[in-house]
Amino acid sequence: MQDAGRFGHHSIGLTSGGPLDWEAFYWANRLCANEHGATALEVAQGGVRMECIVETIIAVAGAPMPLRVNGRTKALWRSHKLQPGDMIELGYATKGMRTYLAVSGGFKAEEFFGSTATVIREGIGYPLKAGQKLQCGPANDEQWALPMESVPRYSDSVTLRLIPGYQFEQFSRTAHDTLLGGDFTVSNRSDRMGYILEGSLIESPEREMLSEGICLGAVQVPPDGRPIVLLNDHQTIGGYPKLGSVVSVDLWKLAQCPPEIHARFELVDLEAAQEMVNYESKKRRSTRLKRCV
Amino acid sequence: MDDFPYIEVAGENTFIVYCGKDMEKGVLGRVRRIDQAVRSEFGSMVIDTIPSYASLLVIYRADQVNGSDMKLRLEVCVTEVDESQKILEVERVVTLPVWYGFEAGADLKALAESKRLRSEEVIALHQEKEYQVYAIGFAPGFAYLGEVDERIAVPRLSTPRKRVPCGAVGIAGRQTAVYPSESPGGWNLIGRCPVRMFDLQASEPMPVRVGDCVRFEAIDRDQYMDLGGQL
């Protein structure tokens, strides 16, 4: 279960949580005509069977996972009306990693510090169990579809645009060259806390530092030289040197990468990064959904 | 402290204010003063801050203010803070009971031997000082306390334990802490504390904040159990 995330509690060590692919989460909710940040299910890799026990509307958006209702294939990126007794099945992702299942009115879950975001590492919430009953809000009656041209594509490689920051200047010239010229692949040890990149090793500055606050997307380099891109469940403070942070719009793409996918870095300055984020956000808001009958 | 404070980019909506380079009470005071000033100056435009040792991370609403304007405003705000300003948040002194010993602290024996001390001396030295909360992180409720007496300062275990029990009291370098929940960890364990360091359900989930002071007080096994300690 994820809502927009838990904010304002880093000073007691609570991380944000929230959807790893914000874009897909946004569309799943909007297709259900939900409020921004309503609680939805984040399904990693797939393999879910659920029975609907009320009349409602659902939408599935994200990595392509075959969706079936009562055995009949249904499209992602649009909402579907369900009746009590309908069986929903999500198969395994053919590309990408995570898909969001939203329901009209949002799922109802216990809030901790103002958020329903599950962070297993912190003991907040837990993965769904077989037999569990999920509550949802009141349903509306509208069905919508996202136009094809607005559907995100999940590719076989990812470019991570990095805003240089934190200890960037303390890394050596060699380290900078490796960062920008190296070839990295996603490690299978990656999780919601962070994505570990293997391949080229980045020389880490050998100097003791005091632990300091970590933000979303920060790229830390432990002494083993394998950079870690920190995602939604990241620890709030840490003592490894950091090169800066990856722009959020690229983090969503990274979080959709299964192990072995190739990644490369590019530098971007703060102003350009903020323009990118604003542009994407405006584009999403101005996208008009198609009404379905 | 001549070069401090200075501001560095951390991420697309985050700056970090460096306030000094050492674990030191004066530097932490500066961090807390700046934290206070930033929170009151920016209100809801700041999403969150993280004070830690010698720096303050500031996460802001980049949809409301762009990076260059925010940096300018932050610079003004930070330079206006001076040492004479009072920190409004009351600094509490919190006493935490600890059941010390070989049964409660798996590394007490080895620590004492490596420092050529008797275990009673280690226990006494750990209680002798008042510690400052320098940072909270690693896990919710994990408070980094400093500094322990040099005579009991030991490096982290070379191989971290897979499972450290909730309430375990450990030493790593010149820092000490109480594990708020069961987790992996590499600190040298010398005892157990029955006080919950993090309670999700409580209105105030932690007994300490950054800037508070902590004292430790020895209790025995029976007292530990009476205070709700778990084995």
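The shown structure was predicted, so the numbers you read here are calculated from the model rather than taken from an experiment.

K.L.:
So what exactly am I meant to see when it comes to the overall build of chain B here?
P.N.:
A count of helical and extended segments in chain B gives five helices and 13 strands. Projecting the C-alpha coordinates of chain B onto the three principal axes gives extents of approximately 55 × 40 × 35 Å. In chain B, buried positions account for 44% of the 231 residues. Within chain B, counting contacts between residues at least 6 apart in sequence, those at least 24 apart form 60% of the total.

K.L.:
Quick question: what am I supposed to make of the overall build of chain A here?
P.N.:
Regarding its fold elements, chain A presents four helices and 21 strands. Relative to the compact-globule value of 19 Å for 293 residues, chain A shows a C-alpha radius of gyration of 20 Å, a close match. On the principal axes, the C-alpha backbone points of chain A span a range of 60 × 40 × 30 Å. A total of 293 residues make up chain A; the buried ones form 49% of that total.

K.L.:
Before we go on, may I ask you to explain the sheet that holds strand S19 (residues 242-246) of chain A in this structure?
P.N.:
Within a beta sheet, neighbouring strands are joined by backbone hydrogen bonds and run either parallel or antiparallel to one another. All names here are of chain A. Taking strand neighbours around the barrel as the criterion, the seven strands line up as S12-S19-S16-S17-S14-S13-S20 in a closed arrangement whose pairing is mixed. Strand-to-strand twist of the sheet, defined as the mean angle between neighbouring strand axes without regard to direction, takes the value 40°. Two strands pair when backbone bridges link them, and strand S16 (residues 218-220) and strand S17 (residues 228-230) are joined in this way by two bridges, in the antiparallel orientation. From the neighbouring strand, Val219 faces S17, where its bridge partner is Val229.

K.L.:
Is there a simple way to think about the nonpolar core in this case?
P.N.:
Ranked by size, the top nonpolar core spans 144 residues in total, and within it Ala28, Ala61, Ala102 and Val229 of chain A carry the most contacts. Looking at which element gives the most residues to this core, the answer is helix H1 (residues 22-31) of chain A, with seven residues.

K.L.:
Even after reading the chapter, I still don't get the interface of chain B and chain A, so can you show me in this structure?
P.N.:
In many reports, interface size means the accessible area that the parts give up when they come together. Counting from both sides, the interface comprises 36 residues of chain B and, opposite them, 34 residues of chain A. Listed by contribution, the elements that provide at least two residues to the side of chain B that touches chain A are strand S1 (6-11), strand S2 (14-18), strand S3 (46-52), strand S4 (55-60), helix H2 (67-79) and strand S6 (131-136) of chain B. Among the residues making up the side of chain B that touches chain A, the classes are represented as 22 nonpolar, 11 polar and three charged.

K.L.:
Just checking my understanding: could you explain the domain arrangement of chain B for this structure?
P.N.:
Residues and elements named next belong to chain B. The domains assigned to chain B are domain 1 (6-79) and domain 2 (93-226). Its C-alpha centre places domain 1 at a distance of 30 Å from the equivalent point of domain 2. With seven residues of domain 1 at the contact, the number on the domain 2 side is eight residues. By residue number, the principal contributor to the side of domain 1 that touches domain 2 is helix H1 (residues 25-42), which donates three residues. Considered class by class, the residues forming the side of domain 1 that touches domain 2 number four nonpolar, one polar and two charged.

K.L.:
Honestly, the environment of Ala93 of chain A in this entry has me stumped. Any pointers?
P.N.:
Residue and element names in this part refer to chain A. Take Ala93: it is sitting in the loop between strand S7 (87-92) and strand S8 (98-103). The exposure class of Ala93 is buried, given the 22 C-beta atoms found within 10 Å. Beyond its immediate stretch of four places on either side in the chain, Ala93 contacts Gln45, Gly46, Ala63, Pro64, Met65 and Thr99.

K.L.:
In this structure, what is going on with unusual backbone geometry? I would like to understand it.
P.N.:
Excluding glycine, residues mostly carry a negative phi; peptide bonds, for their part, are mostly trans. Cis peptide bonds are those with omega within 30 degrees of zero, and the linkage from Phe4 of chain B to Pro5 of chain B qualifies with -5°. One can find Pro5 of chain B in the segment before S1. The phi angle at Gln45 of chain A is positive, at roughly 70°, despite the residue not being glycine. Checked against the element boundaries, Gln45 of chain A lands in the loop between strand S1 (41-44) and strand S2 (46-51).

K.L.:
Before we go on, may I ask you to explain the sheet that holds S1 of chain A in this structure?
P.N.:
All names here are of chain A. Read across the sheet, four strands follow the order S1-S8-S3-S6 without closing on themselves; strand pairing throughout is antiparallel. On the outer flanks of this sheet lie S1 and strand S6 (79-82), each paired with one strand and no other. Direction aside, the axes of adjacent strands within the sheet are offset by 25° on average. Looking at chain direction, strand S3 (residues 56-62) and S6 are connected through four bridges and run antiparallel. Bridge pairing in S6 places Thr56 opposite Leu82.

K.L.:
Could you clarify how one ought to interpret the environment of Val48 of chain A in this entry?
P.N.:
All names here are of chain A. Mapped onto the fold, Val48 is located in strand S2. Taking the C-alpha atoms as reference points, Val48 and Ile214, 166 residues apart in sequence, are found 34 Å from one another. Not counting residues up to four positions away in its chain, the partners in contact with Val48 are Val43 and Leu90.

K.L.:
What is the right way to look at helix H4 (residues 270-286) of chain A in this model?
P.N.:
Structurally, the α-helix is built with 3.6 residues per turn, so residues lying three or four positions apart point the same way. Between its first and last C-alpha, H4 of chain A extends 24 Å over 17 residues, near the 24 Å set by a 1.5 Å rise per residue. All of the buried residues in H4 of chain A are Leu270, Ala273 and Gln274 of chain A. Down the axis of H4 of chain A, the buried side of the element spans an arc of 100°, and every buried residue falls inside it. Turned more than 90 degrees away from the buried face of H4 of chain A sit Glu271, Tyr279, Lys282, Lys283 and Ser286 of chain A, all of them exposed. Buried residues in H4 of chain A make contact with strand S12 (157-164) of chain A together with S1 and H2 of chain B.

K.L.:
When you look at the pairing of S3 of chain A in this model, what are you seeing that I'm missing?
P.N.:
Within a regular beta strand, the side chains point alternately toward one face of the sheet and then the other, so they alternate between its two faces. Residues and elements named next belong to chain A. Across the seven residues that make up S3, a large majority, seven, are buried. Where burial is concerned, the two faces of S3 agree: the one with Thr56, Ile58, Val60 and Gly62 and the one with Ile57, Ala59 and Ala61 are both buried. In this sheet, S8 lies alongside S3 in antiparallel orientation, the contact comprising five bridges. Looking at S8, one finds that Ala61 is bridged to Tyr100.

So, how was this worked out
Per chain, residues are indexed from 1 in the order of the written sequence. Written order decides the labels, with chains lettered from A and ligands numbered from 1. Totals for whole chains, interfaces and linings use all residues, but because this is a predicted model, local features are given only for residues with pLDDT of at least 70 and pairs of side-chain atoms are given and counted only at 80 or more. Numbering of helices and strands starts at the N terminus; helices are DSSP runs of H or I of at least 4 residues and strands are runs of E of at least 2. The exposure label follows from counting other C-beta atoms within 10 Å of a residue's C-beta, where the C-beta atoms are placed from the backbone and the thresholds are 20 or more for buried and 12 or fewer for exposed, leaving partly exposed in between. The contact criterion used is a C-beta to C-beta distance within 7 Å, with each C-beta placed from the backbone. Only C-alpha atoms enter the radius of gyration, while the globule expectation follows 2.2 Å times N to the 0.38, with N the number of residues. The pairing criterion for strands is at least two bridges between them, as found by DSSP. The convention used is that axes are lines fitted to C-alpha atoms, helices contributing only their stretch in contact, and that angles between N-to-C directions extend from 0 to 180 degrees. Think of a nonpolar core as buried Ala, Val, Leu, Ile, Met, Phe, Trp, Tyr and Cys residues, each tied to the set through C-beta atoms within 7 Å. As a working rule, the residues Ala, Val, Leu, Ile, Met, Phe, Trp, Tyr, Cys and Pro are called nonpolar, Asp, Glu, Lys and Arg charged, and the rest polar, with Gly in that last group. An automatic or database domain assignment supplies the residue ranges for each domain. To estimate the expected span of a helix, count its residues, drop one, and scale the result by 1.5 Å. To be clear, the arc concerns the directions from the helix axis to the C-beta atoms.

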